[in-house]
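# Breakdown of the fold
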Amino acid sequence: MLLLNCPCCGIDADETELEAGGEAHITRHGAGASDDDFETYMFMRKNPKGVHFERWRHAYGCGKWFHAARCTMTLEVFGTYSAQTLEPPKALINKIKKKRPDWEGFVK
Amino acid sequence: MSTRLQSGGRLIDRTKQIEFNWNGKRLNGFQGDTLASALLANDQMLMGRSFKYHRPRGVVAAGPEEPNALMGTGEDGRFEPNQRATTTEIYQGLKSHSQNHWPSLEFDVGAINTKLSRFFPAGFYYKTFMAPSFAWKHVFEPIIRKSAGLGKAPTHKDEDSYEYFYAHVDVVVAGGGIAGLQAALTAGQAGATVLLMEQAVDYGGRAITDGVTIGGKPAAAWIKSTLAALKKLPNVQMRTRMMAAGVYDHGYLLGYERLTDHMGPSDGPRQRLWRIRAKRIVTATGAIERPLSFAGNDIPGVMLAGAVRDYIADYGVSVGDRTVVVTNNDDGYRTAIALHEAGLNVPCIIDPRGDLDGELPAKAIALGIRVENKSAIGKVKGGKRVEAVTLCAQAGEGATLEEIKCDAVAMSGGWSPVVHLWSHCGGKLNWDADTAMFRPDPARPPLGADGTGFVIATGTANGHLDAAAALKDGHAAGMTAAKEVGYKPARAAAPLAASEREAAMMPVWSMPQGASYELKSKTFLDYQNDVKVSDVRLAAQEGYESVEHTKRYTTLGMATDQGKLSNINGLAVLADSLNADIPNVGTTTFRPPYHPISLGSIAGDAHNELFKPIRKTPMHQWIDENGGDWEPVADWRRPYCYKQGSESVEDAVTREILNTRENCGLLDASTLGKIIVKGPDAGKFLDMMYTNMMSTLKVGHCRYGLMCSENGFLSDDGVVARLDENTFLCHTTSGGSDRIHAHMEEWLQTEWWDWKVYTANTTEQYAQIAVVGPNARKVLEKLGGMDVSAEALPFMTFKDGELGGIKARPYRISFSGELSYEIAVPASQGQAFWDMCMEAGKEFGIQPYGTECLHVMRAEKGFIMIGDETDGTVIPQDLGLNWAISKKKEDFLGKRGQQRSHMTDPNRWKLVGLKTVDPAKVIPDGAYAVDGTMRENGMHNMIGRVTSTYFSPTLNHSIAMGLVLNGPDRMGEVIDFPTIGGESIKAEICDPVFLDKEGARQNV
């Protein structure tokens, strides 16, 4: 059972308090989008074995969404951060690179 | 025979006799006895029957690893099946019985299976039930259902209570043997908060029984002083009868504490499930002895050597008068010596090893015990009890050299560290060939949230079978744990433990080495599931190379003991059959719980009214007292109808519909979601949320709106009211309020976070009461306080004011097609307002109505219902709701999704009304329409389905709505709905609005 720190209310939240929201930093393609863009937006997900940026909601706590960088293999949590951003904070990316030299880096 | 010895037994109190009942017999034991030790003291070695062959089985172990002695305990509301006799403590009046036999334990008809065993090889089920297909249902399943299973399921509701505890600690130490005690002490003295849990009744593990000395004194003295030191530390909590059941991600751990099981029915919770977050978990869970694989190793009286010793030392019970010891390691000699010292006879120690140069064999020989090296047991003779063993050479095929009479066999195949807690969450193991065991690989521990290992294996569980090494390791584990959670433990040396020097063990996976097929087919690996050496060999021959496949094919290790005794032996046999090394074959996965825990403890307090608390509207009690026939609607309860006197549900619904259409009805609509959306960008935001244009809605007006998912599918609907320039109130469906509020928040927080919008779910702040019907206005006018006339409050508007002295906001909206006001009042005034309406409405024929009346009336008007007309695959266009989809808006959620080719396919089924040809026949819910053509697979081609279907008392006609292929283009056509009974109901496709299409009734 995961333990994630909610950056909004500061609590280390049990997985039972959280709702998973899938991959983070998906670009919305709405009206007027090409079929390919819409497909990518709606259905294509990375599902990596390793570093993953994902969305969580502190559903049974403060109710806020946040993002987490987590290793899907070891469940190591590199950090959590605000959902109000288009990409992960630089410091977090550097931290992950340090821990995982082979990581390809953040790809949107 | 097995019996109580004159003296000894450190866990029992001989001054306190306990009477208990087993299989209808009244037996006596002592305070502190387990059911197993008490039965043995009463010469009851036979304790159960095996699962598959119904072979007679005796107790094998003395702890939770016991595979055979499973009992039903307690009665009625306290009955519990499959309790291990070895961990069940007896109490005055305990009722218990053995399982899996008929008619009796002594004589069991099912034992015929053992004679037929060559017809039940590995994979028997898979092979047999392949064909013919009818045989499963008519032949195999009934037989298997009757004979399968161990204990019987309880038939009564559980009378006991259970509870949860939550704990957050620095260090959990699982296991209170000497290594665990030392680890807890070291970590505790360093300042860390420590929770020490021991599954047994007492601390110390095997050290006392095995004669370990610590600091030159007997282990018992050290344990006593260590416990005293631990108790002085305020940061250390200690619990016995508490098992670490499972380790989960990020230091989550379940502790299973048995509070009153040893006392019988008591006040207070019976068991407690601890939900723990620990920064470090020290697993000091010891080791489990392995059986040896020789023919007849399952005959009652063949036991683990360590268990034989435990029964003597802990309970003062001898398992037999003449016990042959067979061991491939020095530890087994401790049992021979213990038996000898208890005055019992050990005819022979049989050891497959050549050189016996350890201290313990020397001591045994000095005591005059006969020791045979390079030897093995050929087979055990006996049926319900061991009678003799045959002695043979380990190197040979089992030719009998001598028959040795005995009534018990103590076997030791070496020890396997209990690595379960290490492995539950991904800790990896290494195979140690010298000691023939899997031990934790410290380089590959389970990782916590910070990427560091959070489980530390120590002591015997870490592979240190020697007491001195185990204690030292416990100290080191305590130091490591304390340091890793941020404390600085003082430099101190571990206390020094000592025990006899042991020579190397010799891995023996088959006894004798070249045992024949006949012997192997009587050599059991998994006692509970009756898996033999021959079964694993057969599986290997048939191509099952993966240990995970072999496990499932043979059921090895799949019984309730999860292979605690059998896994390593089975693995070794598989490796041997495949000519592979054990580490290359690998282990099966260790999954929590370590030992079965009760379902009651998992449920805790979450049962009855606390299982899923229900939501109640302010009028709930009134409805309950006035004939409300409840139905669940999401977490709410709503009245399906209000029954008057002996009226049937159907009659009540009919009455309510007719009365509402003719006079006036009153509906509790408080469950509707009410979400406030406020801010300068609220209109812009709602334009994205709804398919309609909401930003143009005038203050004081209402608009019906549709919400879709980004895929385009219709998700919710409701009326939106604009309260002021920056504030909207969005009504949602009863089941949708939380979901839609979350949906709005998700978009606001994660996509349009720069928009100035705030949402609040105010569903429970208001009671909402619909006054519906031709007399509705008269009722409100009688209450007085505000102008509710058609001119002052036209259709699709609302006004804030006062009705009958209560602050009220009537909305002129209608889900019934009648003149209708939905009036929101503060929740605290809901009941008062309801009472006023009932009183004022008396002269106008007011009656409350329920959800079914609401449903029928909306269907008469052709209004859709989320969840009836929609199922997550339906878009608004399917329902003819194009008028509610803005063409002016650049974008809204679902717009792009609805433009996909599949969504614009002209062959999508579309909503129509369905009028049955026979007005009395109601089409069954969910019925499909067919056109008479068939598919290749012999099924009908379907051309539509019913989504809502009722008998309309207003029209005196059966009506329905449905989604039909090209439906709107087929008005007047009659289509067929076959029913399960074989009858086909004919219905004419028509407009879904059955009543008052012009809206004359509501626009007054």
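Residues numbered from 1 in each chain as written. Chains lettered and ligands numbered in written order. Predicted model: local features only at pLDDT ≥ 70, side-chain atom pairs only at ≥ 80, totals over all residues.

## Here we look at the interface of chain A and chain B
Note the following rule: For the purpose of contact definition, each residue receives a C-beta atom placed from its backbone, and two residues are in contact when these atoms lie within 7 Å. Polar here means any residue outside two lists: the nonpolar Ala, Val, Leu, Ile, Met, Phe, Trp, Tyr, Cys and Pro, and the charged Asp, Glu, Lys and Arg; Gly therefore counts as polar.
At the interface, 20 residues of chain A touch 20 residues of chain B. Grouping the amino acids of the side of chain A that touches chain B by side-chain chemistry returns 11 nonpolar, 4 polar and 5 charged.

## What about helix H9 (residues 359-366) of chain B?
Residue and element names in this part refer to chain B. Heads up, the rule is: Three exposure classes are used, based on other C-beta atoms lying within 10 Å of a residue's own C-beta, which is placed from the backbone: buried for 20 or more, exposed for 12 or fewer, and partly exposed in between. Secondary structure elements are defined from DSSP: runs of H or I of at least 4 residues count as helices, runs of E of at least 2 residues count as strands, and each element is numbered from the N terminus. The arc in question is formed by the directions pointing from the helix axis toward the C-beta atoms.
Residues of H9 that are buried: Leu360, Pro361 and Ala364. All buried residues of H9 lie within an arc of 100° about the axis, which places them on one face of the element. The secondary structure elements touched by the buried residues of H9 are helix H8 (331-341), strand E21 (349-350) and strand E22 (371-372).

## Overview of the packing of helix H22 (residues 776-783) of chain B against helix H23 (residues 830-841) of chain B
Residue and element names in this part refer to chain B. For clarity, the cut-off: Whenever a helix is involved, its axis is fitted only over the stretch in contact; in every case the axis is a line through C-alpha atoms, and angles between N-to-C directions fall within 0 to 180 degrees. An angle below 35 degrees is treated as roughly parallel, one above 145 as roughly antiparallel, one from 65 to 115 as roughly perpendicular, and anything else as oblique. Note on convention: near helix rotated counterclockwise from far helix by under a right angle means a left-handed crossing. Clockwise means right-handed.
With their axes 9 Å apart at the nearest point, H22 and H23 run at an angle of 110° to one another. With respect to H23, the element H22 is oriented roughly perpendicular. The two elements H22 and H23 meet at a crossing, and its hand is right-handed. Residue-level contacts link Val779, Lys782 and Leu783 of H22 to Met836, Cys837, Ala840 and Gly841 of H23. Split by residue class, the contact of H22 with H23 holds 5 nonpolar, 1 polar and 1 charged.

## Some remarks on the pairing of strand E35 (residues 636-642) of chain B
All names here are of chain B. Note the cut-off: Two strands pair if DSSP finds at least two bridges between them.
With 5 of 7 residues buried, E35 is to be regarded as a mostly interior element. Relative to E35, strand E34 (residues 628-633) runs antiparallel, the two sharing 5 bridges. Across the sheet, the residue bridging to Glu631 is Arg638, located in E35. The turn linking E34 back onto E35 is made up of 2 residues, and Ala634 within it adopts a positive phi angle of 50°.

## Considering the confidence of the model for chain A
Using the following cut-off: As a per-residue measure, pLDDT reflects the predictor's confidence and takes values from 0 up to 100.
With 100% of its residues at a pLDDT of at least 70, chain A reaches an overall mean of 96. At the level of individual helices and strands, chain A shows its lowest average pLDDT in strand E2 (residues 12-14) of chain A, which scores 94, and its highest in strand E4 (residues 51-57) of chain A, which scores 98.

## A look at the sheet that holds strand E7 (residues 80-84) of chain B
Residues and elements named next belong to chain B. The strand order E3-E2-E8-E6-E7 describes an open sheet built from 5 strands, whose pairing is mixed. The two strands at the open ends of the sheet, each matched to only one other strand, are strand E3 (25-31) and E7. Adjacent strand axes in the sheet meet at a mean angle of 40° when their direction is disregarded. Sheet topology places strand E2 (residues 13-22) next to strand E8 (residues 95-98); 2 bridges connect them, and they run parallel. Bridge assignment links Trp22 to a residue of E8, and that residue is Ser96.

## Comments concerning the environment of Gly21(A)
Residue and element names in this part refer to chain A. Along the chain, Gly21 turns up in strand E3 (residues 19-23). The exposure class assigned to Gly21 is partly exposed, which follows from the 18 C-beta atoms found within 10 Å. Spatially, the C-alpha atom of Gly21 lies 7.1 Å from that of Arg57, the residues being 36 residues apart in sequence. Aside from chain neighbours lying at most four places away, what touches Gly21 is Arg55, Trp56, Arg57 and Trp65.

## Quick notes on the nonpolar core
Residues and elements named next belong to chain B. Put simply, the test is: Nonpolar cores are built from buried Ala, Val, Leu, Ile, Met, Phe, Trp, Tyr and Cys residues. These are joined into a set through C-beta atoms within 7 Å.
Ranked by internal contacts, the top residues of the largest apolar core, which has 101 residues, are Leu686, Phe728, Ile769, Val771, Val779 and Cys837. For this core, the element with the highest residue contribution is strand E42 (residues 766-772), accounting for 6 residues. For Ile769, the residues in contact, after removing those within four places along its chain, are Leu666, Asp668, Ala669, Ile823, Phe833, Trp834 and Cys837.

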